[in-house]
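# Observations on the model geometry
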Amino acid sequence: MKLKKSTINNIISYGIVIVTFIICQMMISSGSMTRSLKGQMVPICVYIVMAVSLNLVVGISGELSLGHAGFMSVGAFSGIIGAAWLRSVLGVENEILRLVLSMIIGGAFAAIFGVLIGIPVLRLRGDYLAIVTLAFGEIIRNVLNCLYFSLDGNHLRISFNNPNIPGTILVNGPNGAKDVDKIATFPVGFVLILFTLFMVLNLINSRSGRAIMATRDNRIAAEAMGINVTKYKMMAFVTAAALAGMAGALYGLNFSTVAASKFKFDTSILVLVFVVLGGIGNIWGSIIAAALLTVLPELLRAFADYRMLVYAIVLILVMLATNNPFIRSLFDRLIHRRKPATQRGGASE
Amino acid sequence: MTENTRKKRMLDTRMVPAPSHGIIPERDLNSTPVLEARHLGIEFGGLKAVDDFNLIIGKTEIAGLIGPNGAGKTTVFNLLTKVYQPTMGTIMINGRDTAGMNTVQANKLGIARTFQNIRLFDNMTVEDNVRIGLHNQVKYGMFSGIFRLPAYWKQEKQQHEQALELLSLFDMQDMASSRAGSLPYGAQRRLEIVRALATKPCLLLLDEPAAGMNPHETEELMRNIIKIRDRFQIAIMLIEHDMNLVMGICEGICVLNYGRIIAKGTADEIQANPTVIEAYLGKKKEG
Ligand SMILES: Nc1ncnc2c1ncn2[C@@H]1O[C@H](COP(=O)(O)OP(=O)(O)O)[C@@H](O)[C@H]1O
Ligand SMILES: [Mg+2]
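Position numbers for residues count from 1 along each chain, tracking the sequence in the order it is written. Ligands are numbered from 1 and chains lettered from A, in the order in which they are written. Local features in this predicted model are restricted to residues of pLDDT 70 or higher, and side-chain atom pairs are both shown and tallied only at a pLDDT of 80 or more, whereas totals for entire chains, interfaces and linings draw on every residue. Each side-chain value is derived from all of the structure's non-hydrogen atoms; neither hydrogens nor water enter the calculation.

## Examining the overall build of chain A
The helix and strand inventory of chain A stands at 13 helices and three strands. Each residue gets one of three labels from its accessible area relative to the maximum for its type: buried under 20%, exposed over 50%, partly exposed in between, using a 1.4 Å probe on protein chains only. Looking at chain A as a whole, 50% of its 349 residues are labelled buried. Between two residues, a contact is recorded if the distance between any of their heavy atoms is within 4.5 Å. At a minimum sequence separation of 6, the contacts of chain A that also span at least 24 residues come to 73%. Only the protein chains shown count as cover for residues, with accessible areas throughout obtained via the Shrake-Rupley method and a probe of 1.4 Å. About 16,300 Å² of surface is accessible on chain A, with carbon and sulfur atoms providing 66% of the total. Every helix listed is a DSSP run of H or I at least four residues long, and every strand listed is a run of E at least two residues long, numbered separately from the N terminus.

Structure follows, in structure tokens:
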């Protein structure tokens, strides 16, 4: 049987990601990677997952979301609390198992928030999602600034605006989480990327994914074909929220202190920039843009004074490259070998 | 009863075309009609875009809806497909009242349509457009899709074969992997018909299917519309300005002017009807 074009493309995508990971691992073990760059490996994984998942909402389902960092913070804090709880209450000592379980907890909580936001908003037509997700990102950050969590024996205690709670403090209001176990590792981050790619690419190339893209391309026609638009917009949005939550948990467990202010509006916009620069709807582009633009400031440290200048130039070049019709069609032809588009003629409405 | 009718219909309207006998299939107007619209109407801010619209379409009938621009023809389609909720009247599909239903439910009941201003899923391939039409006949869910369970492979293969078979109605199999938005105009119109057919309708609504087609393409379209009716045994209602097409294939014609039906009948009756002639001549004078 002839393999489908999309299947071949997917195999190539996974292959390149795996090869890149092996190269990075070899560089780390041979000591040829700088310490600061090594410290960037987990954040790179996190931002790749953030960008790919946001692309599922923006590029594949065609809805603008401005609060993706909100889901990341929900995932980060629930993941951090979950990790502490898993260790002291359930006695899960294995770090990798604890990390994976915490990421699942983070993903689950973010998904719940995704459902809560999606149910009222995605039934409406128009760009309400952008407004509501923007507000969500800000609200969740402000709420987290006032929340205190502690582990008192086997009890998880929560208080609002009151730092005096018994037990070991896990999350300390505006100061965020402290004394976090740094259990996040690059290989687990890499597996999360693979998992995200697996989820998103397989979803796109299935019945549900086609329905999601149909609602993006033409909502009225999709409804006339019997497609429940709200259901499929929800599916994309909640899946993306869950993935962002998992990335958030990984991120949270990578630093000894994490404050809610880390997940502000700028972070949402940064991830959106990765998506736009990589090409809206282009999963591949998101990976490259997220990885490049996360390492770039690190690599540019050598240029010291010219750092921001070079950064800006690279941004512009990437933008030109991904949006230039010639380069795009060149890529299309290289990757998809599409037939040349025939001009649309005839009467217009 | 309604669930049974639905199941029965799904069995009746085969995906695999029945052998075409080339004779007009038996009409059973005595049993429940496919469509029954009674006193249908809608107002847009005081303007009655459609008013007291009554129409019955029998199984396997080809009906035409004509009238000057702005007469309310597309609005009738939007009412039947529940894009607009009627402010007056009832719509029965196979004897089932559609009050309170939405577009998705109307489609599941058996109404499929094309659009006057083409609405394809431009960024998807031709085949994927047809697969969207087949969406509700494929049953595997998100989980099977992501984890590639056996249901996925089996049904994807079926869906692929069905899509190609439907595309072959219009000899469009070769275009299956082109981007829908890149097709020539006539092919886009044909793809819309294929996509609508894929939802297994019992009533197919075509909004100006020949618009922008050349006479040769129009002639082919006429043959194809009859072929579709014969093979799938469905009723077809079409809006069209090309009188050769309407008079050539419609067994019943309904003329709309200012939102009201001014005449109903066969092609000969309509052509001889003074009110209709006046409506069309009057329109010419204005234009
Ligand atoms: N959503 C709407 N809001 C207001 N007026 C509408 C709307 N849809 C249609 N109309 C009006 O209804 C009338 C009939 O339009 P239409 O059904 O498109 O005519 P046609 O017979 O050319 O298809 C027009 O006067 C149009 O302006
Ligand atoms: Mg019209």
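## Section: the interface of chain B and chain A
With 43 residues of chain B at the contact, the number on the chain A side is 36 residues. In total, about 3,500 Å² of surface goes out of reach between chain B and chain A, with carbon and sulfur atoms giving 58% of it. What counts as a salt bridge is simple: a side-chain nitrogen of Lys or Arg found within 4 Å of a carboxyl oxygen of Asp or Glu. Viewed at the interface, chain A and chain B are joined by one salt bridge. For E156 of chain B, the salt bridge is made with R210 of chain A, and the minimal N-O distance between the two is 2.8 Å. By the criterion applied in these results, polar contacts are pairs of N or O atoms within 3.5 Å in which, for protein atoms, one can donate a hydrogen and the other can accept it, and in which residues neighboring in sequence qualify only through two side-chain atoms. The interface formed by chain B and chain A includes 15 residue pairs in polar contact (both at pLDDT 80 or more). Looking at the side of chain B that touches chain A, the elements that each hand over two or more residues are α3 (103-109), β6 (111-113), α4 (126-133), α5 (142-146), α6 (150-167) and α7 (185-198) of chain B. Take the side of chain B that touches chain A: its biggest share by element is five residues, from α7 of chain B. Among the residues forming the side of chain B that touches chain A, the class breakdown is 16 nonpolar, 16 polar and 11 charged. Two parts lose some accessible area (1.4 Å probe) when they are put together, and adding that loss for both gives the buried area. Classification used: nonpolar for Ala, Val, Leu, Ile, Met, Phe, Trp, Tyr, Cys and Pro, charged for Asp, Glu, Lys and Arg, polar for all others including Gly.

## Considering the site of ligand 1
All names here are of chain B. What surrounds ligand 1 is the set F44, A49, P68, N69, G70, A71, G72, K73, T74, T75 and Y84. Separating an oxygen atom of ligand 1 from a backbone N or O atom of K73 is a distance of 2.8 Å. At a separation of 2.7 Å, an oxygen atom of ligand 1 approaches a polar side-chain atom of T74. For ligand 1, the accessible surface in isolation is 570 Å², of which the surrounding protein chains cover 62%. Ranked by the residues each element gives to the shell around ligand 1, the list is headed by helix α2 (residues 73-80), at three residues. A per-class count over the shell around ligand 1 returns five nonpolar, five polar and one charged. The nearness test applies per residue and asks whether one of its heavy atoms lies within 4 Å of the molecule or strand.

## Regarding the coordination of the magnesium ion (ligand 2)
In this structure, T74 of chain B (OG1) and Q116 of chain B (OE1) serve as the protein donors to the magnesium ion (ligand 2), at separations of 2.0 to 2.2 Å. Of this pair, T74 of chain B sits in helix α2 while Q116 of chain B sits in the loop between β6 and α4; the two residues are 42 residues apart in sequence, bridging distant segments of the chain. Only nitrogen, oxygen and sulfur atoms within 2.8 Å of the metal, or 3.2 Å for Na, K and Ca, are treated as donors, and water is left out, so sites may look incomplete.

## Things to note about the pattern of salt bridges
Residue and element names in this part refer to chain B. All told, the structure shown has 17 salt bridges over all chains when counted by the stated rule. Between E36 and R38 there is a salt bridge; the shortest N-O distance is 2.8 Å. The exposure class assigned to E36 is buried, which follows from its relative accessible area of 18%. Under the relative-accessibility criterion, R38 is labelled partly exposed at 35%. Note that R229 and E251 form a salt bridge whose closest N and O atoms lie 3.1 Å from each other. One end of the pair, R229, is in helix α8 (residues 215-232); the other, E251, is in the loop between α9 (243-249) and β9 (252-257), with 22 residues separating them in the sequence.

## Quick word on the pairing of strand β7 (residues 203-207) of chain B
All names here are of chain B. The element β7 is largely enclosed, with a buried count of five among its five residues. The alternating pattern of β7 places L203, L205 and D207 on one face and L204 and L206 on the opposite face, and all of these are buried. One ladder, built from three bridges, connects β6 with β7; its direction is parallel. Each bridged residue has a counterpart across the sheet, and for A112 the counterpart in β7 is L204. Direction of pairing for β7 relative to strand β8 (residues 235-239): parallel, over a ladder of five bridges. Bridge pairing in β8 links D207 to I239. Orient the strands so they point away from the viewer; a crossover is then right-handed if the path from the first strand over the helix to the second runs clockwise. Handedness of the crossover joining β7 and β8 through α8: right-handed. Should DSSP find at least two bridges between two strands, the strands are regarded as paired.

## Thoughts on the domain arrangement of chain B
By convention, interface size is frequently given as the accessible area that disappears when the constituent parts associate. Residue and element names in this part refer to chain B. Note that the domain bounds reflect an automated or database-derived domain assignment. According to the domain assignment, chain B consists of domain 1 (3-110 + 201-286) and domain 2 (125-200). Each side of the interface is counted separately: domain 1 has 26 residues, and domain 2 has 17 residues. Roughly 1,800 Å² is buried in total at the junction of domain 1 and domain 2, and carbon and sulfur atoms are behind 65% of that figure. Summed over the shared surface of domain 1 and domain 2, the result is one salt bridge. The closest approach of N and O atoms between E217 and R190, which form a salt bridge, is 3.7 Å.

## Here we look at the sheet that holds strand β1 (residues 35-44) of chain B
Residues and elements named next belong to chain B. Spatial ordering of the open sheet is given by β2-β1-β4-β5, a layout of four strands whose pairing is antiparallel. This sheet does not close on itself; its edge strands, each paired only once, are β2 (47-57) and β5 (96-97). Across the sheet, α2 lies against β1, β2 and β4 (88-93), angled at about 115° from β1, the strand it touches most. Angles here are taken between N-to-C directions and fall from 0 to 180 degrees, while the axes themselves are lines fitted to C-alpha atoms, restricted in helices to the stretch in contact.

## Notes on unusual backbone geometry
At N161 of chain A, a position not held by glycine, the phi torsion is positive, near 65°. Among the secondary structure elements, N161 of chain A is positioned in the loop between β2 (155-160) and β3 (168-172). With a phi close to 55°, D171 of chain B is a non-glycine residue in the positive phi region. Relative to the helices and strands, D171 of chain B resides in the loop between α6 and α7.

## With respect to the pairing of strand β10 (residues 260-265) of chain B
Residue and element names in this part refer to chain B. Note that β9 and β10 share five bridges and pair antiparallel. If you follow I253 over to β10, its bridge partner there is G265. Between the end of β9 and the start of β10, which pair antiparallel, lie two residues, with Y258 showing a positive phi angle near 45°.

## As for α8 of chain B
All names here are of chain B. Multiplying 1.5 Å by the residue count of a helix minus one yields the expected span of that helix. Taking 1.5 Å per residue, 18 residues should reach 26 Å; α8 reaches 26 Å between its end C-alpha atoms and fits that length. Where α8 is buried, its residues contact β3 (62-66), α6, α7, β7, β8 and α9. Q233 lies just past α8 and shows a positive phi near 55°.

## Things to note about the confidence of the model for chain A
Atom-level detail of predicted coordinates should not be read off regions where pLDDT is low. As a per-residue quantity, pLDDT reports the predictor's confidence and falls between 0 and 100. Chain-level pLDDT for chain A is 85 on average; 89% of the residues reach the 70-or-more range. A low-confidence stretch, residues 337-349 of chain A stays under pLDDT 50, and its non-local contacts, those more than four residues away or across chains, total 17 contacts.

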